[in-house]
Amino acid sequence: MMGNQTQNIQQAARLIRAGKLVAFPTETVYGLGGDATSDAAVASIYEVKGRPSFNPLIVHMHSIRQATEYVQLTPLAKKLAASFWPGPLTMVLRRGPECALSLLVSAGLDTLAVRVPDSALAQEFLRACNVPLAAPSANRSGRISPTTAQHVEEELSTKVAKILDGGPCTAGLESTVVDATGDVPVLLRHGIITADMIRDVAGDVQFARADSPISSPGMLAKHYAPDTPMRLNATSVKGNEALLAFGNPIMGAKVTENLSPFGDLTEAAANLFAMLRKLDAVDATCIAVMEIPNKGIGIAINDRLRRAATR
Ligand code: TXA
Ligand code: MG
């Protein structure tokens, strides 16, 4: 099995070098990867996702060392990298003077979003590719991010050259995005690395407003949406509704999925997208969601739930 996986990775890397797209797992969600140095490969990522081209992509690197070839690491970025890379933190930084990456990944901005993923498979794949990979989440634009290879298959099967299967993602929520071009980190997207964790390292943290010039397109209100309507903070449920529970479930739903029976937020984050997908498929009138505590990783979970409920 392991030998097979190494062959899979080698084959996938050859496909990347030939300009094709490969879906691969990271610790957060599955990514739709393409050679970030190739305009054609990056253009095909936008096309396959149906993504508005003003929404820039995250570029994945295997190490801090590789990142220094493409972006200007500010003192703040070095500090955050030392604490959180490899891991689920994306930093927006200025492109370096000799940055050889496609301008399309930046979608017209003079910055680049960079992330060094922690998953062993992603690391091995990035080293085998030997070029940075532009990789948004491997779903069609506006839909729920995939946390298993099966989800990617459902979303994009005919449109990728290969799907690397690394099993379910351990974190389950997209990376935290932080603008680290200045002295103070500006949080652009909530994630597993919380604002408190960033403040502990950097001394301070600011929050971007949706209308500020540095705001990230990922802050768009509607995002990650199932087709079924959703309602949040449910305290009761009707027989034709599906329930997304947390802790002790409310009784009476048509179908129930429990994010974490014992109220563990890390477990809830890892289950969130897969359970939303399941409940979206049961033909309920509504997905009712029980209250999630708004602390720690719960802040990122609630952020995704609010966007999923916006239509
Ligand atoms: O966990 C993740 O980050 C996953 C895995 C595959 O790594 N990737 C992911 O990519 O979620 P995507 O493309 O779905 O989200 C990229 C986010 C968007 O909110 C985008 O607006 C923001 O990063 N972004 C990318 N480049 C940016 C830039 N130069 N300035 C500001 N925001 C940027
Ligand atoms: Mg996405």
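The structure we're discussing is the one just above.
Residues numbered from 1 in each chain as written. Chains lettered and ligands numbered in written order. Predicted model: local features only at pLDDT ≥ 70, side-chain atom pairs only at ≥ 80, totals over all residues. Heavy atoms only, no water.

Considerations on the nonpolar core
Counting residues in hydrophobic clusters, the biggest one holds 46 residues, and the most contacted among them are L80, L89, M91 and I198. Of all elements in the fold, only strand 2 (30-35), helix 2 (39-49), helix 4 (75-84), strand 4 (89-94), strand 5 (111-115), helix 6 (149-156) and helix 7 (195-202) reach the threshold of two or more residues within this core. When residues of this core are assigned to their parent elements, the largest contribution, five residues, is made by helix 4. Beyond its immediate stretch of four places on either side in the chain, L89 contacts L80, F84, V114, R115, S175, T176, V178, I193 and I198. Core analysis: the next-biggest nonpolar cluster, separate from the first, contains 28 residues, A171, M275, L276 and A308 among them. (Core = buried A, V, L, I, M, F, W, Y, C linked by side-chain atoms within 4.5 Å. Buried < 20%, exposed > 50% of the residue type's maximum accessible area, 1.4 Å probe, protein only. Helix = DSSP H or I, 4+ residues; strand = E, 2+ residues; numbered from the N terminus. Contact = heavy atoms within 4.5 Å.)

A few points about the packing of aromatic side chains
For any pair of aromatic rings, geometry is given as the distance between the ring centres together with the angle between the planes. Scanning the entire structure with this criterion turns up one aromatic pair. With 5.3 Å between their ring centres and 55 degrees between their planes, F24 and F125 make a pair best called tilted. Of this pair, F24 sits in strand 1 (residues 22-25) while F125 sits in helix 5 (residues 120-129), and the two are 101 residues apart along the sequence. Each member of the pair F24 and F125 is classed as buried. (Phe/Tyr/Trp six-rings, centres within 6.5 Å; stacked < 30°, edge-to-face > 60°.)

Description of unusual backbone geometry
Note the cis peptide between W85 and P86, where omega equals -10 degrees. Structurally, P86 can be placed in the loop between helix 4 and strand 4. The backbone phi angle of N233 is positive, close to 55 degrees, even though this residue is not glycine. Along the chain, N233 falls in the loop between strand 11 (230-231) and strand 12 (242-245). The phi dihedral of D283 falls on the positive side, at around 65 degrees, and the residue is not glycine. Turning to its location among the elements, D283 is positioned in the loop between helix 8 (265-280) and strand 14 (287-289).

Let's talk about the sheet that holds strand 4
Pairing within the open sheet is mixed, and its 10 strands lie in the order 7-1-2-6-3-5-4-8-9-10. Sheet topology places strand 7 (162-163) and strand 10 (206-207) at the edges, where each strand pairs with a single neighbour. Note: strand 1 against strand 2, four bridges, orientation antiparallel. Across the sheet, residue F24 finds its bridge partner in strand 2, namely G31. (Pairing = 2+ DSSP bridges.)

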